[in-house]
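What the coordinates show
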Amino acid sequence: MYRRSRRSFLAGIAPVFLAIPARAADPIRTGMIGIGNRGSLLLKNVLAESRARVVALCDIKPDRLDRAATTAAADHPATVSDYRRLLDRKDVDAVFIATPCYLHPEMAMAALQAGKHVYCEKPLATTPEAVRDVLQAVREAHTVFMVGLQRHSDPGLRQVVAKIHEGAAGKIVFIQAQRHAPNDFSPKGSSGDWIFDAKRSGDVIVEQAIHNLDQCNWVVQSRPERAAGFGGALLSPNNPPGRTTTDGYAVNFDYRNGVKMSFTQIAFHPREMPFGGEQTYIFGSEGGVVLETGMFYPRDSSAKPVLLAERKRDNREAIHIGKFYDCILNHTKPETDVTMGAVATLTAILGREAMYRQKVMDWKELGVDV
């Protein structure tokens, strides 16, 4: 079983963290923890990374292990069902963690304590307390810790954001963003029943919308100071039975630097209805930018729209994973480090708690110094 109590785990952490020497001539021996839908995609990209070799796979489901072992057959990986056995292995230098969200803190801290380099999928955790624990563990470790906020490795998006930071839209004052899907998760889908349990997934704002919120933090170059919102299981109450996650909500964020943001996420936007999907509108003193297309629309109606940067379909997953191995080999700090991961996670938690409590929620109430 994956599950351990946070208290019992923390009591067993040793105070010494060891860095692993890595030589460019040697493949970085990699272990994969969690090989479901997300983990399988990571595995595919790790196998394509010339500087890595997959030496161990871990999942509690035998069918997933079998499929992953077949996919990675050329690397001859060992297979285990207990992640602690993988971390015990001396031939594992780095690990990828792609398990259900509530397990990320326990596994990440255990991997750090074992002296491994860690690529941890978002979110960092599902509670502020667990975020604080991971922050502390990473600060005491001497290995690379990178968070799977892959949008930061999208070349086109990076160019658009850089143009905004250079002042292409003037002073940014407001963001309107959304994550709209035509359908809810399927109870029988690859995500499993944990996705509908807010305690395990963090709810969809933490499990999914963290990418969108992190993207907005990146553009604004700040973090929210407070949030307020409403939502719930609007069309799918108790479907599946016992569901505690939302299927629609709206949250407003007030940033430290004065920028305001309105964010919505719904799971019932008709496929043929306009303005579905992910949309991020950045409004500034000189005009607006659609982040998904890279187009700038001047406020001056006599001026024509301008393409800030072309958004191509680059494999940002592979690029992001490549940066992880760059950091290991060059002993450098990743851009999407634990601090960025913590701020993104806490932004989502802030919105969730404001919605749950139906009150204006201040960042300081989260109780995490970041």
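Everything below is about the structure shown above.
Residues numbered from 1 in each chain as written. Predicted model: local features only at pLDDT ≥ 70, side-chain atom pairs only at ≥ 80, totals over all residues. Heavy atoms only, no water.

Description of the overall build of the protein chain
Threshold: For the purposes of this entry, the term helix denotes a DSSP run of H or I that reaches at least four residues, the term strand denotes a run of E that reaches at least two, and both are numbered from the N terminus. Computation of the radius of gyration draws on C-alpha atoms alone. For the globule rule, the value is 2.2 Å times the number of residues to the power 0.38. Think of it in three bands: residues with accessible area under 20% of the maximum for their type are buried, residues over 50% are exposed, and the middle band is partly exposed, with areas taken using a 1.4 Å probe on protein chains only. Whether two residues are in contact is decided by their heavy atoms, any of which lying within 4.5 Å being enough.
Along its length, the protein chain carries 12 helices and 15 strands. Taken against the 2.2 N^0.38 rule, which gives 21 Å for 370 residues, the C-alpha radius of gyration of the protein chain at 21 Å falls within 12% of a compact globule. Each of the three principal axes of the protein chain carries a C-alpha extent, and together these read 65 × 50 × 40 Å. When the 370 residues of the protein chain are sorted by exposure, 53% land in the buried category. Summarising the internal contacts of the protein chain: among those between residues at least 6 apart in sequence, 71% fall at separations of at least 24.

Looking at the sheet that holds strand β12 (residues 287–290)
What counts here: Note on pairing: two strands pair once DSSP finds at least 2 bridges between them.
The strand order across the open sheet built from 9 strands is β14-β13-β12-β11-β7-β10-β9-β8-β15, with neighbouring strands paired in mixed fashion. Of all the strands in the sheet, just β14 (306–307) and β15 (361–362) have a single pairing partner and so form its edges. In the sheet, strand β7 (residues 172–180) pairs with strand β10 (residues 260–266) via 7 bridges, with the strands oriented parallel. By the bridge assignment, F174 is partnered in β10 with K260.

Quick notes on the sheet that holds strand β2 (residues 52–58)
As a reminder, the rule being used: Angles shown run from 0 to 180 degrees and are taken between the N-to-C directions of axes, each axis being a line fitted to C-alpha atoms and, for helices, limited to the stretch in contact.
Pairing is parallel in the open sheet, where 6 strands are placed in the order β3-β2-β1-β4-β5-β6. Lying at the two open borders of the sheet, with one neighbouring strand each, are β3 (78–80) and β6 (145–148). Each strand of the sheet is rotated relative to its neighbour by a mean of 20°, with strand direction disregarded. Relative to β6, strand β5 (residues 117–121) runs parallel, the two being bridged by 4 bridges. In the sheet register, E121 faces β6, and the bridge partner there is G148. In the packing of helix α3 (residues 62–71) onto the sheet, the strands contacted are β2 and β3, and the crossing angle to β2 comes to about 165°. Contacts between helix α5 (residues 104–113) and the sheet are confined to β1 (28–33), β4 (94–97), β5 and β6, with β5 contributing the most and set at about 170° to the helix.

What to know about α3
For clarity, the cut-off: Throughout, the arc means the angular range of directions from the helix axis out to the C-beta atoms.
Buried within α3 we find R64, L65 and A68. Taken down its axis, α3 places every buried residue within 100° of arc, on the same side. Every exposed residue of α3 that faces more than 90 degrees away from the buried side is listed here: P62, D66, R67 and T70. For α3, the elements touching its buried residues are α2 (37–47), β2 and β3.

Details of the packing of helix α6 (residues 128–140) against helix α12 (residues 338–357)
Operational definition: Just so you know how the angles are binned, under 35 degrees is roughly parallel, over 145 roughly antiparallel, 65 to 115 roughly perpendicular, and the rest oblique. As a working rule, the residues Ala, Val, Leu, Ile, Met, Phe, Trp, Tyr, Cys and Pro are called nonpolar, Asp, Glu, Lys and Arg charged, and the rest polar, with Gly in that last group.
Two elements in contact, α6 and α12, have axes whose closest approach is 10 Å; the angle formed by their N-to-C orientations is 175°. As the angle between them shows, α6 and α12 are arranged roughly antiparallel. Residues P128, V131, V134, L135 and V138 of α6 touch α12, and the partners they reach there are V338, T339, A342, T345, L346 and I349. Looking at the contact of α6 with α12 residue by residue, the class counts come to 9 nonpolar, 2 polar and no charged.

A word on the pattern of salt bridges
What counts is decided by this rule: Here, a salt bridge means any side-chain nitrogen of Lys or Arg that lies within 4 Å of a carboxyl oxygen of Asp or Glu.
Applying the stated rule across the entire model yields 28 salt bridges. Put simply, E49 and R51 hold a salt bridge, and the shortest N to O gap is 2.8 Å. Here E49 falls in the buried class, since its relative accessible area comes to 11%. One salt-bridge network, held together by shared partners, links D82, R84, R85 and D88.

Re the nonpolar core
This is how the line gets drawn: Think of a nonpolar core as a cluster: buried Ala, Val, Leu, Ile, Met, Phe, Trp, Tyr and Cys residues, connected wherever their side-chain atoms sit within 4.5 Å.
The biggest cluster of nonpolar side chains holds 78 residues, and the ones touching the most others in it are I33, L86, V95, V131, F145 and F253. With 10 residues, the top contributor of residues to this core is α12. Apart from the residues within four sequence positions on either side, F253 is in contact with L213, P224, R226, A227, V259, K260, M261, F263, T347, L350 and G351.

Let's talk about unusual backbone geometry
The omega angle of the peptide bond from K122 to P123 is -10°, so this bond is cis rather than trans. Residue placement: P123 occurs in the loop between β5 and α6. With an omega of 5°, the peptide bond between N239 and P240 qualifies as cis. Mapped onto the fold, P240 is located in the loop between β8 (224–232) and β9 (248–255). In this structure, H76 is a non-glycine residue whose phi angle is positive, near 55°. Relative to the helices and strands, H76 resides in the loop between α3 and β3.

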